[in-house]
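Observations on the three-dimensional arrangement
Read off the chains here:
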Amino acid sequence: MSSLFPALTGAPAGRPALRFGDRSLTYGELGAASGALAARIGGAGRVAVWATPALETAVAVVAALQAGVAAVPLNPKSGEKELGHILSDSAPSVVLAAAGDELPSALGDLERIDVDADVDVRAAEPLPDPQVSDEDPALVVYTSGTTGPPKGAVIPRRAIATTLDALADAWQWTADDVLVHGLPLFHVHGLVLGILGPLRRGGSVRHLGRFSTEGVARELTDGATMLFGVPTMYHRIAQALAEEPKLAKALGRARLLVSGSAALPVHDHERITAATGQHVIERYGMTETLMNTSVRADGEARAGTVGVPLPGVELRLVEEDGTPIASYDGETVGEIQVRGPNLFTEYLNRPDATTAAFTPDGWFRTGDMAVRDPDGYVRIVGRKATDLIKSGGYKIGAGEIENALLEHPGVREAAVTGEPDADLGERIVAWVVPEDPQSPPAAEELADHVARRLAPHKRPRVVHYLSALPRNDMGKIMKRALRHD
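Residues numbered from 1 in each chain as written. Predicted model: local features only at pLDDT ≥ 70, side-chain atom pairs only at ≥ 80, totals over all residues. Heavy atoms only, no water.

Things to note about the overall build of the protein
Note the following rule: Runs of E in the DSSP output that reach at least two residues are strands. Runs of H or I that reach at least four are helices, and both are numbered from the N terminus. For this measure, only C-alpha atoms enter the radius of gyration; the expected value for a globule follows 2.2 Å times N^0.38, where N is the number of residues. To sort residues, take the accessible area from a 1.4 Å probe on protein chains only and compare it with the maximum for the residue type: under 20% means buried, over 50% means exposed, and anything in between is partly exposed.
The helix and strand tally for the protein stands at 13 helices and 25 strands. A compact globule built from 485 residues would reach a C-alpha radius of gyration of about 23 Å, and the protein, at 23 Å, matches this within 12%. Reported as C-alpha extents along the three principal axes, the dimensions of the protein are approximately 70 × 55 × 45 Å. Split into buried and exposed, the 485 residues of the protein put 55% on the buried side.

Next comes the structure, spelled out in structure tokens:
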């Protein structure tokens, strides 16, 4: 197949490619560094990558893709048990890491190759030309493991190429774009979209190392055009805007602000737009599918939605019995199923799980619940396992109740779950972090607030007050950890 990164040989050698803090590589330097490493690991089968937010991680993954071997990104924050499972399951032949990185004992028996990001361009050898196909694995990315040990989703080369090209169409993404992000590099959002995306376009990426509003303001002021983030980051931006006029001005210069990995609350959308004149657009994807939908750069930036299916992606909503939902009425809740070249090929060593993940006619069961507006825009209301609440004969998505709660001035954070109820089947439970812990809004006040904005049957019947919501590294609320003793 054609190269995933034609700019490595086609772009001017001096064009900026990657910058992490005060370290950077041009396309010529990246090609030399990744090419030298690719020559060492060709034929290695699978390689693990110690995925710190550093130049070496980007070089290692690009090298693996050039060599035609699958990369297994490892989360440096994973515990010994999880790392042990991933290593025994994926069986990499080597681990690629930055020199000086201290690796945990779980990787002790694995051959280590230190990644050299400072190769002399003049000594660069021709890039390897492995015989690879579109279906060959590019990455094995492990899921979060909320229902058991993490599963390794095998992502083929064609999924990366088609997703990034579809996003280029939706976002009008070109070689002139300079991306800013501060996301981890062991998952799809940070690695595939945030690093491989700019490199496929021939543009550049500036990684903050660690997210900060100061870093965002600095880079957007200094010519960057796009920002990728998760809701936690945009929430911090929204909170900081009133006291950081440079941040508001910098965001106003951006061509595109993109949020993903979880829903961005509507009130954060509104605060950012009011202060900057910019709209944050959202997209929807997951490890197994890469990207499925997005608000388009030339479309309506409708807060609370994830836009329309990307080019090449088929999307449908289905009832619990699998019957497709034909009406786009903005109200009927169904499970999202997708089909297209953006999908993974299998769960590594798990044929049972792979079979269960697909319908007989080849649609992937996402487990996400959504409604579709009359013009096709998709609005996600939660996960089937944790966010679909069946109360009083209604199917209710937790996400819309959370957004309504967040519109109350006394609510800083909110999560909604269901719990058994003898009369209703399930009752709606709200978990609220108040703006003022000493004077939280009353449960009755919050219930009335939701009923006025949505419908009486969607009001929370129980309210618990917390100091913070449990979140993972991506800022997603871990609802399984919400328990009332």
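Side note on the sheet that holds strand S16 (residues 314-318)
Two orientations exist for strands paired in a sheet by backbone hydrogen bonds: parallel and antiparallel. This is how the line gets drawn: Two strands pair under a simple rule: DSSP has to find at least two bridges between them. What counts as an axis is a line fitted to C-alpha atoms, over the stretch in contact for a helix, and the angles between N-to-C directions run from 0 to 180 degrees.
Strand order in this open sheet of 4 strands is S16-S17-S19-S20, and the pairing throughout is antiparallel. The sheet is open, and its two edges are formed by S16 and strand S20 (378-383), each paired on a single side. When strand polarity is set aside, the average angle formed by the axes of neighbouring strands in this sheet is 45°. Across 5 bridges, the pairing between strand S19 (residues 364-372) and S20 is antiparallel. Each residue of the ladder has a partner; that of aspartate 368, found in S20, is arginine 383.

Remarks on the packing of aromatic side chains
Each aromatic ring pair is summarised here by two numbers: the centre-to-centre distance and the angle between the ring planes. Quick reminder of the rule: The aromatic pairing rule takes the rings of Phe, Tyr and Trp, using the six-membered ring of Trp, and pairs them if the centres are within 6.5 Å, calling planes under 30 degrees apart stacked, those over 60 edge-to-face and the rest tilted. Our definition puts a charge over a ring when NZ of Lys or CZ of Arg is within 6 Å of the ring centre and also within 35 degrees of the ring normal.
Here the structure, examined in full by the defined rule, presents 7 aromatic pairs. Taking 5.7 Å as the distance between ring centres and 80° as the angle between the ring planes, the aromatic pair formed by tryptophan 173 and phenylalanine 228 counts as edge-to-face. Taken together, the residues span a long stretch of sequence, with tryptophan 173 in the loop between helix H5 (157-171) and strand S9 (178-181) and phenylalanine 228 in strand S11 (residues 226-229) at a distance of 55 residues. Assigned by exposure class, tryptophan 173 and phenylalanine 228 land together as buried. What links up through ring pairs into an aromatic cluster is the set Phe344, Tyr347, Phe358 and Phe364. We note lysine 151 situated over the ring of tyrosine 347; from NZ or CZ to the ring centre the distance is 5.0 Å.

With respect to the environment of alanine 44
Selection criterion: Here, two residues are considered to be in contact whenever any of their heavy atoms come within 4.5 Å of each other.
Examined against the element boundaries, alanine 44 turns out to sit in the loop between helix H2 (27-41) and strand S3 (46-50). Accessibility expressed as a relative area gives 21% for alanine 44, which makes it partly exposed. Counting along the chain gives 25 residues from alanine 44 to valine 69, while the straight-line C-alpha distance between them is 6.6 Å. Dropping the residues within four chain positions of it, alanine 44 is found in contact with Val69 and Ser93.

Notes on the packing of helix H8 (residues 231-240) against helix H10 (residues 266-276)
How two helices pack is summed up by the angle between their axes together with the distance between the axes. Note the threshold: For this classification, under 35 degrees means roughly parallel, over 145 means roughly antiparallel, 65 to 115 means roughly perpendicular, and everything else is oblique. Less than a right angle of anticlockwise turn of the near helix away from the far helix marks a crossing as left-handed, whereas a clockwise turn marks it as right-handed.
H10 packs onto H8 with a crossing angle of 45° between their chain directions and a minimal axis gap of 9 Å. One way to sum up the angle between H8 and H10 is to call them oblique. Crossing of H8 over H10 shows left-handed handedness. Along its contact with H8, which presents Tyr234, His235, Ile237, Ala238 and Gln239, the element H10 presents His267, Asp268, Arg271 and Ile272.

Quick notes on the pattern of salt bridges
What counts, and what does not: Between Lys or Arg on one side and Asp or Glu on the other, a salt bridge is scored when a side-chain nitrogen of the former is within 4 Å of a carboxyl oxygen of the latter.
This structure, assessed with the given rule, holds 25 salt bridges. Among the salt bridges present, the one from arginine 19 reaches glutamate 219, with a minimum N-O distance of 2.5 Å. A residue pair is termed long-range when its members are at least 10 positions apart, and arginine 19 in strand S1 (residues 16-20) and glutamate 219 in helix H7 (residues 213-221) qualify at 200 residues. The class for arginine 19 is partly exposed, based on a relative accessible area of 27%. Accessibility expressed as a relative area gives 5% for glutamate 219, which makes it buried. For aspartate 361, the salt bridge is made with arginine 316, and the minimal N-O distance between the two is 3.7 Å.

What about the environment of threonine 213?
Note the threshold: Two N or O atoms form a polar contact when they lie within 3.5 Å of each other; inside protein one atom must be a possible hydrogen donor and the other a possible acceptor, and for residues adjacent in sequence the pair counts only when both atoms belong to side chains.
Structurally, threonine 213 can be placed in helix H7. Among the residues examined, threonine 213 registers a relative accessible area of 8% and is labelled buried. The spatial distance from the C-alpha of threonine 213 to the C-alpha of methionine 233 is 8.3 Å, given a sequence separation of 20 residues. Those residues in contact with threonine 213 that lie beyond four places of it in its chain are Arg236, Ile237, Ala240, Glu244 and Leu247. Within polar-contact distance, the side chain of threonine 213 engages the side chain of glutamate 244 at 3.3 Å.

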